[in-house]
Each structure stands twice: as C-alpha cells, then as structure tokens.
Amino acid sequence: MSKKKKWDLVIFETQEKKAVINRFRITKKTMTAAGQHGKAIILVDKQGKDWLLKTFSKIIDFEEEKISDLEVDIQDSPEESRHRMHLWRVLNELTASRLGQRLKLNVPNVIVVCSQTISDLVLKKSSPLTLGDVVILDEEDGGPETANEFYDFSKREGYTLETSANFEQLLASRSDKNDPSTILALLTEKIPNSINLDEFLDTYKDLDAAFEHIRQIDDGYSLLPFDIWLNDPDINAGNYLVQLNDKKEATHIWGIDYEMWALGSDIWMEEDEITKGRSYLTAIIHPTANIFDERVLHTIHRIRSLEDQEVTEITVSPRLLCKFFEYHITQKHIDAEERIVLKQVETNLEDFLSESRPRSDKLSDVLIRQVGLPKDYKP
Ligand SMILES: Nc1ncnc2c1ncn2[C@@H]1O[C@H](COP(=O)(O)OP(=O)(O)O)[C@@H](O)[C@H]1O
Ligand SMILES: [Mg+2]
C-alpha cells in the first residue's frame, strides 16, 4: 500500500509543533464564482468544514528585486494594478477578518499560509539581520541589529506549518517561477449554503422585493458601520454573501473580500448609480436604517470600545510574514531594504484604523450622511 499522507496542511500553534491548531486536506472541489479567486481550490479541515485557498502570486517583483509595490497608475488595466498589490491585499484581508471577528460581525475567518520552506526558517531572537545591511529605522540610534529588534516577533502570532508534496505542488502551480515559496495564500472559512448577493438578487424578478428581503436581516445593519469605517472601494454586490436555510430563504449576510481598504483614503465608488459612493449593502438597506438603529449602534459601540492596543495587535502580521521576507532576502530575490515594506503596510493599516476610528464623531457623521437620522428626529 502506498503511504499517502492524510493531510495536506497542518497548522501548529508554535515552532515546536506540539499542539495542532487544524489540519486540512485538498479536495477536488473548486469555487465556481467569477473574479480573480472565483475558482479557488477548496480544502476540508479535520471537522469536515470547507475552506477556500486564495493564492497571491505577485508578491515579489523579481526584475526589480523588490516587493511588488503600490505605484499603481490609474491608467493601468485593472489586472495590472491587482498584480502590484498582492502583499497589501493579503494583509488587508487578514486584518479585516481579525477585526470583523473581534467585533462579532459576519466576516469569515482567515489564516495566512505558504510553503513549508518559509515556515521552517527559524528566526532566533539573536539572528542578525542578514547580508550585513543595516536597516535604519531611526537614524539617531542607528537602527536595529537583530531580526527580533527589527520585527519584534515575540509580539507576532508564531504558528508553523507542515505541508504535503501536493500542497507544495499546488502553490508551485500558481507561481510564474514554479516555486511554491514565492506564494502567499489565504485560507478562508467557506460560508456554507451561501451565494453572492448579486446572484441572490438575480433570483428575484422584482428587485424591490429582493431588497426588502435583505432589509429583514439583522446582519446587514450590523455590518454597515464596519464597511463605512473601512471605506473599502470594492464593496460591490459580489463581495457580500447571502446565507440560505434549507428552504432557500436568506438568513444571514456576510462581508467578504476586504482586500482593498486602507489603500486609498476616499475612493468610494462615487460614480456608481445605485451605491452613490456607499457600499452596496448600505445602498440597499439605507431606507430602513438610521443611526439610532440598535443593530447599527451595537457595532458602533464595539468599534468605539476597541482599545488602541487592540488595534495595534490586530495589525501586527504573523511571524510567517517575517520569515517570508527573510527567506527571499537570503535567496537574493529581494533587497534587504525591502524589510521595511512589511512594517510600512502594518503601520498604514494601524494609522488608518486609529485615525478614522470613531474616537472623534467622524464615523457617526459619515453614518448620518449615509443612512440618515430617524424621520421624526429633532435635535
Ligand atoms: N468565505 C467564503 N465563503 C463562500 N464563498 C466565498 C467565500 N469567499 C469567497 N467566496 C466566493 O468566491 C468568490 C471570489 O472570492 P473573493 O474573496 O471575492 O475574491 P476576488 O473577488 O478577489 O476574486 C466570491 O465572489 C464568492 O462567490
Ligand atoms: Mg470579490
């Protein structure tokens, strides 16, 4: 009998690989939706739950020996700009998922995974920053000298991975270089019995009746402040899921695909006729929502109650990302100076969240503008 590995991906809590967090097996199933990740491969975990694997192949710009950056020319084709933002997309989606979970919203759980080669790299506290480069963060005190000083990795999630040859092959198949180590991937909890919001709306002859149905579901109201806060320019109808019960009735709404928030400050889809610069969901439910709606207020309250410290923790990426950088620096795929990019993305996310968080009344103002006050409200 051939020795077939039962699992394709095992996630351990720590470097020592003692406690298993979860195990996954590659299935023959793929998603069947439109979009860049519409054909994502489905993995099943040890409880039988499905997850989808979104792979990001353009993290590194091999010609420039850089992390593919954000210098996106508006004139570029949308495909081009997608390619240049893969690291940002991964971290945006991870952070939005962590935040959504923390705020008890319907945003699927996300885990960053990659090749075992990256995960196996051991970053010791005393590991010097390789190649003799000094990355100067603070010119006055000369900058950090060890990996730990630079990445502060004791503050980072330290899980490690074990993968099968099949999983490595799957990653390699997504890489221009046929090299699994160049890929970062997101494992996203698949929401069972769900369809995209646009697909759901299409099942109705009468759009108003469909909208009415969505307005009956509490989740939509809870998600509104989150979406307005994150200001994601890509929250169209394809990026919400409607979860159905056995009778095919809509029971829950989920927000997905938070890859683009924090990339621009105010790039709402202003020109869209239905959304008029709001998320698609806001556009649908605003006639029956207002700022004093309990469900809306609940989320606002949760956002307001987040401590600054929590915001910081949520934007610190797992240690796996530091290993990804260190590995590709040793392989001379990227310059050592590129380390700073990881910090920049994290700082950008943290700043965006701290500055736009409703510590001030900014979020409430935006909400009032977008969903309004009760009709009989008198200040
Ligand atoms: N967590 C999920 N549960 C169920 N289906 C999902 C989930 N995430 C994505 N999908 C499906 O896969 C499609 C593509 O995923 P998405 O995250 O929107 O990537 P992109 O739009 O960048 O291709 C979605 O439109 C949806 O149909
Ligand atoms: Mg999408």
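Residues numbered from 1 in each chain as written. Chains lettered and ligands numbered in written order. Predicted model: local features only at pLDDT ≥ 70, side-chain atom pairs only at ≥ 80, totals over all residues. Heavy atoms only, no water.

Before going further, it helps to spend a moment on the layout of surface pockets. As a volume, the largest pocket reaches approximately 930 Å³. Lining the largest pocket we find 39 residues, and of these A33, A34, N196, G238 and I256 sit closest to its centre. Contributions of two or more residues to the lining of the largest pocket are made by strand 2 (20–30), strand 4 (50–56), helix 2 (86–102), strand 9 (184–189), strand 10 (194–196) and helix 6 (197–202). Taken together, the residues of the lining of the largest pocket break down into 14 nonpolar, 14 polar and 11 charged. Mapping the lining of the largest pocket onto the domain boundaries places at least three of its residues in each of domain 1 (1–190 + 317–335) and domain 2 (192–306 + 357–379). (1 Å grid on protein atoms, 1.4 Å probe; cavity = no way out; pocket = protein on both sides within 12 Å on 5 of 7 lines; lining within 4 Å. Points joined across faces, edges and corners; volume = space filled by probe spheres on them. Helix = DSSP H or I, 4+ residues; strand = E, 2+ residues; numbered from the N terminus. Nonpolar A, V, L, I, M, F, W, Y, C, P; charged D, E, K, R; others polar. Domains from an automatic or database assignment.)

Let us look at the coordination of the magnesium ion (ligand 2). The protein atoms donating to the magnesium ion (ligand 2) are N239 (OD1) and D257 (OD), with metal-donor distances spanning 2.0 to 2.1 Å. With a gap of 18 residues between them, N239 in the loop between helix 8 (218–230) and strand 11 (240–244) and D257 in the loop between strand 12 (250–255) and helix 9 (280–285) connect regions that are remote in the sequence. Comparing N239 with D257 shows no difference in burial state: the two are buried. (Donors = N, O, S within 2.8 Å, 3.2 Å for Na, K, Ca; no water. Buried < 20%, exposed > 50% of the residue type's maximum accessible area, 1.4 Å probe, protein only.)

In this section: the sheet that holds strand 11. Strands in a sheet are paired, the pairing made by backbone hydrogen bonds, and the direction either parallel or antiparallel. Spatial ordering of the open sheet is given by 10-11-12, a layout of three strands whose pairing is antiparallel. The open sheet terminates on both sides in strands that have one partner only, identified here as strand 10 and strand 12. For this sheet, the mean inter-axis angle between neighbouring strands, taken without regard to orientation, is 30°. Strands strand 11 and strand 12 of the sheet are contacted by helix 8, whose axis makes an angle of about 10° with strand 12. (Pairing = 2+ DSSP bridges. Axes fitted to C-alpha atoms, helices over the stretch in contact; angles between N-to-C directions. Contact = heavy atoms within 4.5 Å.)

Now for a negative patch on the surface. A contiguous patch of negative charge on the surface is contributed by E63, E64, E65, D335 and E337. Inspection of the secondary structure assignment puts E63 in the loop between strand 5 (60–61) and strand 6 (66–67). The exposed category is assigned to E63, whose relative accessible area is 79%. (Patch = residues over 30% accessible without salt bridge, like charges linked within 9 Å, V, L, I, M, F, W, Y side chains within 5 Å. Areas by Shrake-Rupley, 256 points an atom, 1.4 Å probe, with all protein chains shown as cover. Salt bridge = Lys/Arg side-chain N within 4 Å of Asp/Glu carboxyl O. Lys, Arg positive; Asp, Glu negative; His and termini not counted. Charge placed at Lys NZ, Arg CZ, Asp CG, Glu CD.)

In this section: the environment of D218. Residue position: D218 is located in helix 8. C-alpha separation for the pair D218 and H252, spaced 34 residues apart in sequence, amounts to 7.8 Å.

The side-chain alternation of strand 1 (residues 9–12) yields two buried faces, one formed by L9 and I11 and the other by V10 and F12. Strand direction decides the pairing type here: strand 1 and strand 2, joined by four bridges, are antiparallel. Its bridge partner being in strand 2, F12 is matched across the sheet by V20. Two elements, strand 1 and strand 8 (residues 160–163), share four bridges in a ladder whose sense is antiparallel.

This part is about the confidence of the model for the chain. Residues shown with low pLDDT carry predicted positions that ought not to be read at fine detail. When the pLDDT values of the chain are averaged, the result is 85; 83% of them are 70 or greater. This stretch, residues 265–271, has a pLDDT under 50; its non-local contacts, to residues over four places away or in other chains, come to 20 contacts. (pLDDT = per-residue confidence, 0-100.)

Looking now at helix 8. Along helix 8, the sharpest change in direction is near 30° and occurs at L224; proline P225 comes one to four residues later. The buried fraction of helix 8 is high, at 12 of 13 residues. Residues D219, G220, Y221, S222, L223, L224, P225, F226, D227, I228, W229 and L230 constitute the buried set of helix 8. Following helix 8 by one or two positions, N231 adopts a phi angle in the positive range, close to 55°. (Bend = angle between axes of the 7 residues up to and from the residue.)

Turning our attention to the site of ligand 1. Taken together, 21 residues lie near ligand 1, and H37, K54, E189, N196 and D257 sit nearest. At a separation of 2.6 Å, an oxygen atom of ligand 1 approaches a polar backbone atom of H37. Note that an oxygen atom of ligand 1 is positioned 3.1 Å from one of the side-chain N or O atoms of N239. Across the complex, the protein chains shield 93% of the 540 Å² of accessible surface that ligand 1 would expose by itself. Taking a 2 Å distance to the grid points as the criterion, the majority of the atoms of ligand 1 fall inside the largest pocket. Contributions of two or more residues to the shell around ligand 1 are made by strand 4, strand 9 and strand 10. (Near = heavy atom within 4 Å. Polar contact = N/O pair within 3.5 Å; in protein donor to acceptor, adjacent residues only side chain to side chain. Sits in = over half its atoms within 2 Å of the grid points.)

Time to look at the nonpolar core. Core analysis: the largest hydrophobic core is formed by 97 residues, its most contacted members being L87, V113, L197, I214 and F226. Both of domain 1 (1–190 + 317–335) and domain 2 (192–306 + 357–379) provide at least three residues apiece to this core. (Core = buried A, V, L, I, M, F, W, Y, C linked by side-chain atoms within 4.5 Å.)

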